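Breakdown of the fold
So you can see what is in the structure, the chains are spelled out below.
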Amino acid sequence: MANTFHKWLITGANGNLGRRLIDALMRHTNDQVVALVRSQSAQAQLAATVDQYPQRFAVSKVEFNDTEAIKQAAAGCQIAVHLVGILKATKTASYAAAHEESCAALLTAIAATKIEHVTYLSILGSRPDAVNACLASKGRAEQMLLDSDVNSCVIRVPMVLGEGDYASFALRKRAAAKLAVVLRGSSLEQPIYAGDVVAAIRQAAMLRLDGAVDLAGPESLSRNALTQRAAAVLGSTPRLLSIPVQIGYLAAGLLTTLLANPPVTTAMLGVLDHDDKVDPTAALERLGLDGLTDLDTMLRKIL
Ligand SMILES: NC(=O)c1ccc[n+]([C@@H]2O[C@H](COP(=O)([O-])OP(=O)(O)OC[C@H]3O[C@@H](n4cnc5c(N)ncnc54)[C@H](OP(=O)(O)O)[C@@H]3O)[C@@H](O)[C@H]2O)c1
């Protein structure tokens, strides 16, 4: 993987997984990366990487429907990774804009470029006909890419856990508490390590993999059990209080009516409450990956 030279176009590049992918590419390859972001603050998040790798790394600030600007930024790139996405839609940030419209714009922009392959990171359970608004929107975006003329790979993953990210922080907080309040404790989680997701994206691109794969962590377990496994790593013994998901939906519905930017929405809760239980073997084979970081190692790394 490290010996061949490539030029990557990465959208949503300042996000959690974008920054990890860029870091891996800068440290372990000689590849070049063009990072697309939409704001000055996002540009600033990547400024240190520009300083460190001025010959290999550049950031472009573009509007995500500005197909001409994306086309110019993509000059010379062979590989695209589309990481734009949201878990929570608000009155000013819709799922359609973040998922379908950003995919459509990317496809238009790269049609006359040298880009041979697009990898799209999606969410386990996404389908165009899903009842949940977030999963349905992701599903429609996936379909656009899979139906396009560009060779595309969709990788659907559940909760990703990485060092210093929000999901790991929330799990740590719950596991360290005396009383851990858990939304539907029987809900199935199958967390995957962020480093494994980055490896999967790199493999999908290198193999020019075509089609969709469902990739998840090595263990599917209840949210209660995950909290307890994390607590064991921390040496804590929380008492678990499982809240019925209907109470969560009620609170989220109320907050959505009252606030322009509620901390939680019903669609977001629906994604979090999705029961994740898939066998990752077929995905690992297609991606040419040997295995996944086991749950306890993952928890020790992130907690
Ligand atoms: N992390 C997970 O657990 C997980 C699980 C399953 C799937 N995924 C998918 O993986 C992808 C990357 O995840 P992540 O954790 O890196 O997400 P993240 O940290 O939230 O980053 C998302 C990126 O998308 C950009 N973005 C959002 N809405 C946009 C819009 N309308 N137009 C242009 N850019 C927009 C954000 O830009 P700003 O910073 O400017 O807002 C940011 O760069 C997402 O598509 C997500 O759905 C993630």
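The sections below set out a description of the structure shown in this document. None of these values were measured; they are calculated from a predicted model.

What counts, and at which threshold
Residues numbered from 1 in each chain as written. Predicted model: local features only at pLDDT ≥ 70, side-chain atom pairs only at ≥ 80, totals over all residues. Helix = DSSP H or I, 4+ residues; strand = E, 2+ residues; numbered from the N terminus. Rg over C-alpha atoms; globule rule 2.2 N^0.38 Å. Buried ≥ 20, exposed ≤ 12 C-beta atoms within 10 Å, placed from the backbone. Pairing = 2+ DSSP bridges. Axes fitted to C-alpha atoms, helices over the stretch in contact; angles between N-to-C directions. Near = placed C-beta within 6 Å. Nonpolar A, V, L, I, M, F, W, Y, C, P; charged D, E, K, R; others polar. Parallel < 35°, antiparallel > 145°, perpendicular 65-115°, else oblique. Contact = placed C-beta atoms within 7 Å. Arc of directions from axis to C-beta. Expected span 1.5 Å × (residues − 1).

Take the overall build of the protein chain next. Check the secondary structure of the protein chain and you find 13 helices and 13 strands. Since a compact globule built from 303 residues should have a radius of gyration of about 19 Å, the 19 Å found for the protein chain is in line with a globular shape. The C-alpha extent of the protein chain, read off along each of the three principal axes, is 55 × 40 × 35 Å. The 303 residues of the protein chain split such that 42% are buried.

With that settled, the discussion passes to unusual backbone geometry. Phi at Arg-184 takes a positive value of approximately 35°, unusual for a residue other than glycine. Even without being glycine, Arg-208 reaches a positive phi, approximately 50°. Its place among the elements puts Arg-208 in the loop between helix H8 (194-206) and strand E11 (211-214). For Arg-208, a count of 14 C-beta atoms within 10 Å gives the class partly exposed.

Looking now at the sheet that holds strand E3 (residues 57-61). The strand order across the open sheet built from seven strands is E3-E2-E1-E4-E5-E6-E11, with neighbouring strands paired in parallel fashion. Two strands close off the open sheet at either side, each with one partner strand: E3 and E11. Taking the axes of each pair of neighbouring strands and ignoring which way they run, one obtains an average angle of 20° across the sheet. Across five bridges, the pairing between strand E2 (residues 32-37) and E3 is parallel. Along E3, the bridge assignment pairs Ala-35 with Val-59.

Around the ligand sit 23 residues, and of these Gly-12, Gly-15, Leu-17, Gly-85 and Val-160 come closest. Listing elements by their share of the shell around the ligand, those giving two or more residues are helix H1 (16-28), helix H5 (95-110) and strand E5 (117-123). Along the lines of polarity and charge, the residues of the shell around the ligand split into 14 nonpolar, eight polar and one charged.

Okay, the packing of H5 against helix H6 (residues 133-147) next. Where H5 meets H6, the axes come as close as 8 Å, and the angle between the chain directions of the two elements is 5°. By the angle between their axes, H5 is roughly parallel relative to H6. Together, Tyr-95, Ala-96, His-99, Glu-100, Cys-103, Ala-104 and Leu-107 of H5 and Ala-133, Cys-134, Ser-137, Lys-138, Arg-140, Ala-141, Met-144 and Leu-145 of H6 make up the contact between the two elements. Tallied by class, the residues present in the contact of H5 with H6 amount to 10 nonpolar, two polar and three charged.

A few words on helix H7 (residues 166-176). Taken together, the buried positions of H7 are occupied by Ser-168, Leu-171 and Ala-175. Along the axis of H7, the buried residues cluster in a sector spanning 65°; they form a single face. Facing away from the buried side of H7 by over 90 degrees, the exposed positions are Tyr-166, Phe-169, Ala-170 and Lys-173. Considering only its buried residues, H7 is in contact with strand E7 (160-161), strand E8 (179-183), helix H9 (223-234) and helix H13 (295-302).

The terminal C-alpha atoms of H5, which comprises 16 residues, lie 22 Å apart, in line with the 22 Å expected from a rise of 1.5 Å per residue. Along H5, the positions that sit buried rather than exposed are Tyr-95, Ala-98, His-99, Glu-100, Ser-102, Cys-103, Ala-105, Leu-106, Leu-107, Ala-109 and Ile-110. Buried residues along H5 sit against strand E1 (7-11), helix H4 (67-73), strand E4 (79-82) and H6.

Let's shift gears to the environment of Val-245. Position of Val-245 relative to the elements: it lies in helix H10 (residues 245-258). On the neighbour-count criterion, Val-245 (16 C-beta atoms within 10 Å) is partly exposed. Sequence-wise, Val-245 and Lys-138 are 107 residues apart; in three dimensions their C-alpha atoms are separated by 23 Å.

Right, let's talk about the environment of Met-159 for a bit. By the secondary structure assignment, Met-159 is in the loop between strand E6 (151-157) and E7. Between the C-alpha atoms of Met-159 and Gln-203, which are 44 residues apart in sequence, the distance is 20 Å. Excluding residues that lie within four positions of it along the chain, Met-159 makes contacts with Ala-167, Glu-189 and Pro-191.

As a further point, take the pairing of E5. For E5, a buried count of seven out of seven residues is recorded, marking the element as mostly surrounded by other parts of the structure. Across the two faces of E5 the burial is the same, with His-117, Thr-119, Leu-121 and Ile-123 and Val-118, Tyr-120 and Ser-122 all buried. Pairing geometry for E4 and E5, over four bridges, is parallel. Looking across to E5, one finds that Ile-79 is bridged to His-117.

Geometric descriptors of this kind do not, in isolation, establish any biological role.
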